[in-house]
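# Breakdown of the fold
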Amino acid sequence: MKRIAPWKTMFAAAMTISLLSVTACSNSSDTPANSAQADTSGEEGQETTTPEPLGKYADTVTVTQVIGFNPPEDPRIPKGITPEQNAYLKDLKEMLNIEVKYKWTVPASQYEQKFSLAMASADLPDILELDQKNFEKLKKQGMLADLTQAYEDYASPALKKYMESDGGFAMKAFSADGKLLAIPGFEDPFLSAQLLWIRKDWLDKLKLGPPATMDELEQVALAFVRQDPDGNGKDDTYGIAAQKSLFYWGFDMRGLFNGFGAYPSVGDGQSAWLKDAEGRLIPGLIQPEVKTALGKLQSWYKDGILDKEFALKDENKSVEDITAGKVGISYGEWWYPNWPLNLNVDKDPTAEWMAVQIPGLDGSGQSLVPKMRSNRLVAVNQKFKHPEAAIKMINFYLEMGNKAYMEKNKPENGYVYNWFNPRIYNPAQIETIYTEVNKALEANQTEITLDDENYKNVADVFKASKDYLAGDTTQASKGVNWGQYFSRAAKDGGWGLTRQIKESGAFVHNEFYGLPTKTQVDKGAQLDKLMLESFTKIIMGAPLDEYDQFVASWKALGGDQITEEVNAWLSEKEG
Amino acid sequence: MKTFRREYPLHLMLLPGVVVTLIYAYGPMAGLVMAFQQFEPLAGFFRSSFIGFDNFTYVFALPDFERVVWNTVIISIAKMLLFLLVPLILALLLNEVTKRWFSRLIQSAIFLPFFLSWTVLGGVIIELFSLSGPVNGLAEAMGLDPVMFMLDNSWFRGIIIGTDVWKGMGYNMIVMLAAITGINATLYEAAQVDGASRWKQMLHITLPGMAPIVILLGVLSLGGILSAGFEQILILYNPTVYEGGDVIDTFVYRLGMFSQQYGPAAAVGLFKSVISVALVAGTYYAAYKYNGYRIF
Amino acid sequence: MHNPTLSRRLFVIGNTLLLTLVTLLGIIPFVHLLSVSLSSNTAAMAGEVKLWPVGFNLDAYRYLGEKAEFFRSLWMSVERVVLGTVINLFLVFITAYPLSKPGSQFRSRTAYVWFFAITMFFGGGLIPTYMVVKMTGVIDSVWALILPGALNVWNMILMLNFFRSIPRELDEAATIDGAGHWTILWRVYLPVSLPSIATVGLFTIVGHWNSWFDGILYLNSPDKYPLQTYLSTLIMSINSQMTSLSIEQLEAMENLSEKTLRTAQIFMGALPIMLVYPFLQKYFVKGMTVGSVKE
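These notes cover the structure that comes with them. None of these values were measured; they are calculated from a predicted model.

### Details of the interface of chain C and chain B
- Taken together, the contact between chain C and chain B spans 89 residues of the former and 84 residues of the latter.
- Summed over both partners, the interface of chain C with chain B comes to about 7,800 Å²; 74% of that surface belongs to carbon and sulfur atoms.
- If you look at where chain C meets chain B, you find three salt bridges.
- One salt bridge connects C:R107 with B:E7, and the closest N-O pair in it is separated by 3.8 Å.
- Across the chain C-chain B interface, the total number found is 16 residue pairs in polar contact (both at pLDDT 80 or more).
- Going through the elements one at a time, α1 (6-37), α4 (68-99), α5 (109-121), α6 (126-135), α8 (153-164), α10 (181-192), α11 (194-210) and α15 (259-294) of chain C are the ones with two or more residues in the side of chain C that touches chain B.
- Ranked by residues supplied to the side of chain C that touches chain B, first place goes to α1(C) with 16 residues.

### Focus: helix α18 (residues 478-489) of chain A
All names here are of chain A.
- For α18, spanning twelve residues, the distance from its first C-alpha to its last is 15 Å, which sits close to the expected 16 Å at 1.5 Å a residue.
- Of all the twelve residues making up α18, ten are buried; the element is thus mostly covered by neighbouring parts of the structure.
- Those residues of α18 lying buried are G479, N481, W482, G483, Q484, Y485, F486, S487, R488 and A489.

### Observations concerning the packing of α8(C) against α11(C)
All names here are of chain C.
- It is at 10 Å that the axes of α8 and α11 come closest, and there the two elements cross at 175°. Comparing the axis directions of α8 and α11 gives the class roughly antiparallel. For the pair formed by α8 and α11, the contact residues are N155, L158, M159 and F162 on the first element and S196, I197, V200, F203 and T204 on the second.

### Some remarks on the sheet that holds strand β7 (residues 195-199) of chain A
Residues and elements named next belong to chain A.
- Strand order in the open sheet made by the four strands is β8-β11-β7-β12, with mixed pairing throughout. The open sheet has two edge strands with one neighbour each: β8 (238-240) and β12 (353-357). Each adjacent strand pair in this sheet contributes to an overall mean axis angle of 20°, direction not counted.
- Where β7 and strand β11 (residues 327-332) come together, four bridges link them in antiparallel fashion. Residue W197 lies in a different strand from β11, and its bridge partner there is S330.

About the cut-offs
Residues numbered from 1 in each chain as written. Chains lettered and ligands numbered in written order. Predicted model: local features only at pLDDT ≥ 70, side-chain atom pairs only at ≥ 80, totals over all residues. Heavy atoms only, no water. Contact = heavy atoms within 4.5 Å. Buried area = accessible area lost by both parts, 1.4 Å probe. Salt bridge = Lys/Arg side-chain N within 4 Å of Asp/Glu carboxyl O. Polar contact = N/O pair within 3.5 Å; in protein donor to acceptor, adjacent residues only side chain to side chain. Helix = DSSP H or I, 4+ residues; strand = E, 2+ residues; numbered from the N terminus. Expected span 1.5 Å × (residues − 1). Buried < 20%, exposed > 50% of the residue type's maximum accessible area, 1.4 Å probe, protein only. Axes fitted to C-alpha atoms, helices over the stretch in contact; angles between N-to-C directions. Parallel < 35°, antiparallel > 145°, perpendicular 65-115°, else oblique. Pairing = 2+ DSSP bridges.

What follows is the structure, encoded as structure tokens:
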């Protein structure tokens, strides 16, 4: 351990510098290259050298991986490029002497399927990208390498900064018996906060203000239904977007229920969990507020605020309606301007959207926010001899985000960042983008001043924002530029409003963040179906009291058992 | 020995097929043990623990399982009958078309929807039957009240059955057309000499000539009695029509969504297979016993 | 025939009308797809396109012309269909022949028939099949898409039934002439079974063309994907269990918004196979005449 001390202090210093001076000098980029060189020259063998976050191996280390990937979004990327040809891999080989071999590559939508086959046939790669479910399975089978030492020795300052930004909460969640089994990619949980997106041009046209309470929302929505907000003389608009998955990742009713103080779901059939007065966890799904909300939705359905056929629409259909200008209100997260609101803006030049905090019964409502948002975990197969290679590769990826590499690291040179694994993002990425872009915009700069591993992400949004504000559509359409700007940078936009909510404390935490309990796994699908069937029917006009029946069945069919298990988790955690 | 010498080349001819089938069809059947296991993918078949019939009792005891089986049987029987009747009628009608180009055009057009996946067709069908869609437009023009077809339990099954028949009828129709072309042409010539009408010819030559194929298609489709069209229903259904449209396969699919429940899924698969084989074998031997006819 | 009766004429008119209606029903979805692919993307995204393009343009096809993935996978499909169909037809043919013999001539036929038929109803499921394919060493090659289904039992049983309708006298005459089974199969059965071969061939071609899931399972990189596997990756929606959209998924969704391009690919993907049927129809007719001449 003593040998580690010098570089530790060295990097601690470097880290402080990078933290203090966001406007860092451009020659700081020399550091990695130098250190890599220094490392090769002084390296005899793996064991004897000082651990270097970006040290080059003397002998090539081959790493097997699997990836689920999407085709590159960027039109500048050379056509027909495959993940094997990703320029990142070439640099990785040059810089660290690590060679990546893909056991298989598959379109992202099929990754899960393909990965479970790989697990079933015990054919796992060296470095694994896991979700929580698969992490748990592999952990149980003892297939994951202990990364404690590798992380300790090799994690670069940037990576450590990220990992410790939540006080080590996420890392602890993925450790067992003091062994770190995965490097968790986590994000700001407030990315899940619900907002209300609304057509501002329609409000203006009908001389209405943005709704702050449920009653006001009802008035606005009714006006959107009845007063022909698009002025085409046809009765072809409805009030609020909704779809058949009542609780989902978008165009759903989470925010609406939250406005009634009801927390029935985290986004799928599973209930959100609240704490009662005695500190016990109670399922939000069966609290009386849910019934109130259902009652209101029922009358809104009757009034035409909800589409008569919402129960057969999926998210694609909701996107169609938003794009076509058939609906002017939708609940959702910060990213809506990025997609699909931008489509509407491009289709209809007069369209203008705004975000407001979700309306509540009196005053603003409180959105549900998870305690932790971590869906991608980097783990290492315990058979792999170089667990530190995984850490080094993460370091490498972060390093490549620096300004020094900007010239080279361009899509047209074949750099496809989202094909490279493992990569960990800055958990505060969106916040960094927000502050940096705004700073640069306020000072009327032509370029951002930030120079660290976040450079690329910030620069992209800055460019789009500049273009949008200047009305420049040579690089991308108005909608696309606006979408980048209004989701991430605008003060009254997606993230801008979300941070206000974060500061004002107008949110409710989901108190259960463990893995699904046994009964949740066994009975989850049935309970989900039960909920969907009865809620949909109630909204469409079945007697409201069927909700009480639902509560009774839910409890009897496993709900009570889940409540017990969830509370057992709580007491174990609080120990 | 003499019979062996005579039959030996026949065995030899079957050899390649038998080998391929043994490897790729019988080999994986070892996986049926999953139905009796608490299957853990990482542990594999050898280290997963055996739990007897627990997977079966788990599935059969699920609430609504009865309703789901019932829906499956109703939908698949209706599909089965229509998949025989509609193509049969179409094939007979096509046989009456004398203009060759017209006949070819129709055959191609009927076969067309077969090439599109349900993922592609789903949106089109939902649109077709929506409140603002053409079907309701037609109903309104005739003075009827608009109907939310896809949200109505009394309509939904009909739409599932109808659209599936529409999509797949070309397949059986082609088999039947091929059967018609296989009928001995001299029979028709003789009938014409006797002065039999087209109707009589159809009744006494064409239909009997097609009978073996129609029976074959019918018996084999019995094997699908517990499969009512997974992908189609998954794409078209929604919570309001679970009551009439939820089938075994969609039900099991939802079970698996929360965690890969391999055991119960394998149990359902095995259950379906046993029922299928029982039905098909039953009809096969009944036909042999009472008619001396081997269906295949 | 020379003087059609009134009822015959009425029937022909009714029949023509009915069949025209059925034809339209079959064509409509393709007209819709074609219209979407020829419309402006915003109109397509807004769901405004029905049976006629809105904001007509050829951009999607222009872009498609440059899409290397599309043409690469198209070629893979052709390779698969050709190889697969030849092998399937051969196996179906030589397997159906012995099984079409009556029990009196081939005593083990019924046992064999059931040996094959059982596999239509029992399957081991995804994982075991995958493991067998892997063990036989064909994974990640076109053979993984061909060998597991090399003998299609359903087609084989169809063929077997067609063989049975071949008049026994043909067999017997050939046997008396001293021909063995192989000679009978190729010289006697093949020429008279063209309609059934066309039928089974069509199903085999369509089956190979349409199947996409085995490509996902058995191939290890998308540059080997056949067309339908590639297309399926364009229209797949996200995992329904997801409760939040990550930034990358968001980018993927943006990308999926290219609805006209997607539709153009679906349309072009179905086009080649649509042309196969009219081509095969020739053999349906020819087969009939051959059969009748033989008598």
